[in-house]
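Geometric and topological summary
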Amino acid sequence: MHRPSRGSYRGGGEPVQSATRGEWPKRPVRRYLGAMTRILLLIPSRTYRTADFVAAAGALDIEVVVGMEERPALADVMGERWLALSLTDVASGRQAIVDYALEHALDAVIPIDDGSTLVAAAGAAALGLPHNRFAAVAASRDKARTRELLAKAGLNTPRFRTWPADADPEEVPSPTFP
């Protein structure tokens with residue numbers, strides 16, 4: 001059964017307002033993290049980052065469930081603390097997270113790298129957990145789209161132009177510098 005989320009917190013321990021979650025009681029970030037019991041880390045099958053995340057969660061006494069595309073070498077020892085899911089097919093990955101959470105409550109879905117951010121945002125949203133908006137995550141993975149959005153918001157951005165990946169290099173003008 002899914003437990004409701006406890007809200008999002010800034011580094012200083014202040015609650016972050018959320019239009020969908022309303023007012024949350026003020027409590028220090030350490031206390032909030034201590035109340036978190038199980039997180040799902042979305043990890044690519046071949047990464048060197050896993051140990052640091054698992055160690056940090058262990059220091060906070062947080063149970064870690066590893067979500068990855070391939071069966072981990074220690075799957076037999078991990079028991080139900082791993083989840084096979086697609087990190088590239090968002091709908092499939094989201095559904096795997098939702099199905100897992102029906103039997104094992106999750107308090108957060110955390111992507112480890114760029115390749116798992118869309119699935120994490122979709123999975124956390126489906127569970128009602130704190131997450132980044134899917135459109136924002138998608139934009140963050142596309143440098144041109146990010147620059148377009150920043151410029152549209154009135155922020156100073158470097159001048160830029162884009163060309164299709166299959167453009168003839170002879171037809172792409174040389175860059176100019178101020």
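As shown above, the structure is provided for reference.
As a starting point, this report considers the structure included with it. (Residues numbered from 1 in each chain as written. Predicted model: local features only at pLDDT ≥ 70, side-chain atom pairs only at ≥ 80, totals over all residues. Heavy atoms only, no water.)

This brings us to the overall build of the protein chain. When helices and strands are tallied, the protein chain shows seven helices and four strands. Reading the secondary structure of the protein chain in the N-to-C direction produces α-β-α-β-α-β-α-β-α-α-α. A burial count over the protein chain gives 31% of its 178 residues as buried. Counting only contacts in the protein chain whose residues sit at least 6 apart along the sequence, the fraction spanning at least 24 positions is 49%. For the protein chain, the accessible surface area stands at approximately 11,600 Å², while carbon and sulfur atoms represent 54% of it. (Helix = DSSP H or I, 4+ residues; strand = E, 2+ residues; numbered from the N terminus. Buried < 20%, exposed > 50% of the residue type's maximum accessible area, 1.4 Å probe, protein only. Contact = heavy atoms within 4.5 Å. Areas by Shrake-Rupley, 256 points an atom, 1.4 Å probe, with all protein chains shown as cover.)

With that out of the way, let us pick up the packing of helix α4 (residues 90–103) against helix α5 (residues 117–127). Across the interface, α4 lies against α5 with an axial gap of 8 Å and an inter-helix angle of 45 degrees. The angle between α4 and α5 places the two elements in the oblique class. Note that α4 runs across α5; the crossing there is right-handed. Across the interface between the two elements, Val 90, Gly 93, Arg 94, Ile 97, Val 98 and Ala 101 of α4 pack against Leu 118, Val 119, Ala 122, Gly 123, Ala 126 and Leu 127 of α5. (Axes fitted to C-alpha atoms, helices over the stretch in contact; angles between N-to-C directions. Parallel < 35°, antiparallel > 145°, perpendicular 65-115°, else oblique. Left-handed = near helix turned anticlockwise from the far one by under 90°.)

The next subject is the sheet that holds strand β3 (residues 82–84). In space, the four strands of this open sheet follow the order β3-β2-β1-β4, with parallel pairing throughout. The open sheet has two free edges, formed respectively by β3 and β4 (108–111), since each of these has just one partner strand. Sheet twist, expressed as the mean angle between neighbouring strand axes with direction ignored, is 25 degrees. Two strands pair when backbone bridges link them, and strand β1 (residues 38–42) and strand β2 (residues 63–68) are joined in this way by five bridges, in the parallel orientation. Directly across from Arg 38, in β2, lies its bridge partner Glu 63. Each of β1, β2, β3 and β4 touches α4; the most contacted strand, β3, lies at about 140 degrees to it. With respect to the sheet, α5 is in contact with β1 and β4, its orientation differing from that of β4 by roughly 170 degrees. (Pairing = 2+ DSSP bridges.)

Another aspect to go through is the environment of Leu 106. Counting through the fold element by element, Leu 106 comes out in the loop between α4 and β4. With a relative accessible area of 0%, Leu 106 lands in the buried category. Remark: the alpha-carbon pair of Leu 106 and Val 65, spanning 41 residues in sequence, is separated by 8.9 Å.

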